[in-house]
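Chain by chain, the residues:
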Amino acid sequence: AQANETSTPASTPPLPSEVQIGVVYPLTGRLADVNKWGPEGKPFWEAAETDINNLPEAVAQGVHFKLVVRSSDSTDKGSLAAVQDLVQNDGIQAIVGLPTSSEIVGSIDYLRKNHIAAISSASTGPREDLMRPDTVYRLMPTELYMARKLADLAMYLGYTKAAIIYRTDGWG
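In this text the structure is predicted, and so the values were computed from the model without any measurement.

**Q** Mind showing me how you'd approach the overall build of the chain here?
**A** Helices and strands together make up the secondary structure of the chain, namely five helices and five strands. Helices (α) and strands (β) of the chain occur, in sequence order from the N terminus, as β-α-α-β-α-β-α-β-β-α. Looking at the 172 residues of the chain, the share that counts as buried comes to 30%. The contacts in the chain between residues at least 6 apart in sequence include a share of 50% that link residues at least 24 apart. In the structure as shown, the chain presents an accessible area of about 11400 Å², 57% of it carried by carbon and sulfur atoms.

**Q** Which parts of the structure should I look at to understand the nonpolar core?
**A** Nonpolar side chains in soluble globular proteins tend to be buried together. If you look at the biggest cluster of nonpolar residues, it comprises 17 residues, and the most contacted ones within it are Val24, Val83, Ile95, Leu98 and Leu111. The set of elements that each furnish at least two residues to this core consists of α3 (76–90) and α4 (101–113). Apart from residues no more than four positions distant in its own chain, Val24 is found in contact with Arg70, Ser72, Ser79, Ala82, Val83, Leu86, Ile95, Val96, Gly97, Leu98 and Pro99. Ranked by size, the runner-up nonpolar core spans five residues in total, among them Val23, Tyr25, Trp45 and Leu67.

Analysis parameters
- Residues numbered from 1 in each chain as written.
- Predicted model: local features only at pLDDT ≥ 70, side-chain atom pairs only at ≥ 80, totals over all residues.
- Heavy atoms only, no water.
- Helix = DSSP H or I, 4+ residues; strand = E, 2+ residues; numbered from the N terminus.
- Buried < 20%, exposed > 50% of the residue type's maximum accessible area, 1.4 Å probe, protein only.
- Contact = heavy atoms within 4.5 Å.
- Areas by Shrake-Rupley, 256 points an atom, 1.4 Å probe, with all protein chains shown as cover.
- Core = buried A, V, L, I, M, F, W, Y, C linked by side-chain atoms within 4.5 Å.

Listed below in structure tokens is the structure:
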């Protein structure tokens, strides 16, 4: 380019007017009533959707966020079915929730293969395939870190005996 020519940066594509985010949560099954309710007795995702859509940045950009909710049925197979439904039928590219390690284990291969971004709110399982960040992220540290800190606390409190209880699944 000539010295007196100016280059124009490529224009940024416009934001969509609606962004859908999938939520996979144990609405049925053995974990159905655990931490599901938020302020005023509403499901937490309804409060989150309202909060996100009231953010000044979202309002200023004219973007509306819609949370599309599916139940994992509190199982790994139910989690996979919910994730597949969101991706294949709703075109979802980002999923939150998946709070248990078994829910992540059930769907992690599908999420990775299809390049779906996922954030687990509470998975703590120490499985190596869960500790490889790529498109699947966890907000909580693994049980390995928590176990060390609990051992430190027990020793600090003067305990000298412990019983070990473990599971042989994705959480234990």
